[in-house]
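So the chains spell out like this:
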Amino acid sequence: MKKYLVCALAALTMTSMMVVGCGGGDKKAADKPAEKVLRVATEPSFAPFEFQKKGTNEITGFDIDLIKAVGTKAGYKVQIMNMGFDALIPALGTGNIDVAASGMTITDERKKAVSFTDPYYTSGLIVLVDKNNTTIKSIKDLEGKRIACQIGTTGEKKSRSVKGAKVTAFNTNVEATMELKNKGVDAVINDAPVVGYFLAQGGNEYAKTVGEVMEAEQYGFAVKKDSKLVGELNKAMAEVKKSGDYDKIYKTWFGEVKK
Ligand code: GLN
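Analysis parameters
Residues numbered from 1 in each chain as written. Predicted model: local features only at pLDDT ≥ 70, side-chain atom pairs only at ≥ 80, totals over all residues. Heavy atoms only, no water. Core = buried A, V, L, I, M, F, W, Y, C linked by side-chain atoms within 4.5 Å. Buried < 20%, exposed > 50% of the residue type's maximum accessible area, 1.4 Å probe, protein only. Helix = DSSP H or I, 4+ residues; strand = E, 2+ residues; numbered from the N terminus. Contact = heavy atoms within 4.5 Å. Phe/Tyr/Trp six-rings, centres within 6.5 Å; stacked < 30°, edge-to-face > 60°. Lys NZ or Arg CZ within 6 Å of the ring centre and 35° of its normal. Pairing = 2+ DSSP bridges. Axes fitted to C-alpha atoms, helices over the stretch in contact; angles between N-to-C directions. Parallel < 35°, antiparallel > 145°, perpendicular 65-115°, else oblique. Left-handed = near helix turned anticlockwise from the far one by under 90°. Nonpolar A, V, L, I, M, F, W, Y, C, P; charged D, E, K, R; others polar. Near = heavy atom within 4 Å. Polar contact = N/O pair within 3.5 Å; in protein donor to acceptor, adjacent residues only side chain to side chain. Areas by Shrake-Rupley, 256 points an atom, 1.4 Å probe, with all protein chains shown as cover.

Engineer: What is the right way to look at the nonpolar core in this model?
Structural biologist: Soluble globular proteins tend to pack their nonpolar side chains together in the buried interior. One finds Phe 62, Leu 66, Val 99 and Tyr 120 to be the most contacted residues of the largest nonpolar core, which totals 31 residues. Of all the secondary structure elements, the ones that give two or more residues to this core are strand S1 (36-42), helix H3 (62-73), strand S5 (76-82), helix H9 (229-242) and helix H10 (245-254). Broken down by element, this core gets its largest block of residues, six residues, from H9. Those residues in contact with Phe 62 that lie beyond four places of it in its chain are Pro 48, Phe 49, Tyr 120, Tyr 121, Tyr 246, Ile 249, Tyr 250, Trp 253 and Phe 254. Ile 147, Val 167, Ala 187 and Val 210 belong to the second-largest nonpolar core, a separate cluster that totals 14 residues.

Okay, structure coming up:
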């Protein structure tokens, strides 16, 4: 009791000296300013950008490596958490998370609700169908057909723009492609690099893409609207690009360096 009192007094009166002799732990904590934490959320059914490492809870991928590099460069300890894609923007609004790093396309509609960093990857949508399908050759052939997509995505928006289509929006991309496998839908609309990765990982046993990649989409990290984090992250991202770290991360996940 007495010891604690002495320590408390010491801490109060000797803050400038910092060495209060109440145990090693205290000294260390007092020497170092509190670590700033960056709470990053992602929906991990979007390999190779974010996905769960097989048999673990660990989330990995291009976006994860990049936001860790950028966040660290900006002076933060980066914390990754799992969240539904359609929950990301509301969570930024309420301040429950600081960043959404989830292959999120920068759109004018989203910009009304959140702010985005500079773009870090160029993507676009593509149509995925059963390998043996010979009638669907592009999005034009999807009129009146059954389409699966992920809820809250640009793929859902595109799906819903197809005349007469019956659209099912799933919580995850994995469920959307499962539905194609089970023949519950005729097509999936999703981001081309994710579809490409899925096919290369064995999806090509039952599925194939048709048509061209649709209009280009840029991925950005989203933050609370008008947050000063945008400037901090942009500055850090420019440094991560300049140092060659972006290229290294790109190479890890895509195998080549794109300029
Ligand atoms: N890029 C798409 C979007 O922003 C899909 C993102 C995702 O499924 N993670 O809507």
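Engineer: Any chance you could explain the packing of aromatic side chains here in plain terms?
Structural biologist: We describe a pair of aromatic rings using the distance from one ring centre to the other and the angle between the two ring planes. Under the counting rule described, the total for this entry stands at 21 aromatic pairs. For the ring pair Tyr 120 and Phe 221, a centre distance of 4.3 Å and an interplane angle of 20° mean the geometry is stacked. Of this pair, Tyr 120 sits in the loop between strand S7 (114-116) and strand S8 (121-130) while Phe 221 sits in the loop between strand S13 (216-219) and strand S14 (222-224); the two residues are 101 residues apart in sequence, bridging distant segments of the chain. Accessibility assignment for this pair places Tyr 120 and Phe 221 in one class, buried. Each member of the aromatic cluster is reached from another via a ring pair, and the members are Phe 46, Phe 49, Phe 62, Tyr 120, Tyr 121, Tyr 219, Phe 221, Tyr 246, Tyr 250 and Phe 254. We note Lys 36 situated over the ring of Tyr 76; from NZ or CZ to the ring centre the distance is 4.3 Å. The residue whose ring lies beneath Lys 241 is Tyr 246, and the NZ or CZ to ring-centre distance is 5.3 Å.

Engineer: What am I meant to see in the pairing of strand S11 (residues 187-191) here?
Structural biologist: Counted residue by residue, S11 has five buried out of five residues, so it is predominantly covered. The sheet contact formed by S8 and S11 spans five bridges and is antiparallel. Note on S11: the bridge partner recorded for Leu 125 is Asp 191. Judged from the two bridges that link them, strand S9 (residues 146-150) and S11 form a sheet pairing that is parallel. Counted as the bridge partner of Ala 148 is Val 188 from S11.

Engineer: What is the right way to read unusual backbone geometry from this model?
Structural biologist: Glycine aside, residues mostly have negative phi angles, and peptide bonds mostly take the trans form. Put simply, Ala 47 and Pro 48 share a cis peptide bond, and its omega is 5°. Along the chain, the position of Pro 48 falls in the loop between strand S2 (45-46) and strand S3 (50-52). Even without being a glycine, Lys 183 presents a positive backbone phi close to 65°. Residue classification places Lys 183 among the exposed residues on the basis of a relative accessible area of 54%. Despite not being glycine, Asp 226 shows a phi value in the positive range, around 65°. Looking at where Asp 226 falls in the secondary structure, it is placed in the loop between S14 and H9.

Engineer: Is there a simple way to think about the packing of H3 against H9 in this case?
Structural biologist: Packed helix pairs are specified by the crossing angle of their axes together with the interaxial distance, meaning the distance between the axes. Two numbers describe how H3 lies on H9: the axes approach to 8 Å, and their chain directions differ by 110°. By the angle between their axes, H3 is roughly perpendicular relative to H9. Between H3 and H9 the crossing geometry is right-handed. Across the interface between the two elements, Leu 66, Ala 69, Val 70 and Lys 73 from H3 touch Leu 233, Ala 236, Met 237, Glu 239 and Val 240 from H9. Residues that form the contact of H3 with H9 fall into these classes: seven nonpolar, no polar and two charged.

Engineer: It is not clear to me how the site of the ligand should be interpreted in this structure. Could you clarify?
Structural biologist: Neighbouring the ligand are 13 residues, the closest being Gly 103, Arg 110, Gln 150, Thr 154 and Asp 191. With respect to the ligand, the side chain of Gln 150 contributes an N or O atom lying 2.6 Å from an oxygen atom. Thr 154 is positioned with one of its backbone polar atoms (N or O) 2.7 Å from an oxygen atom of the ligand. Contact with the protein chains covers 100% of the free accessible surface of the ligand, which is 290 Å².

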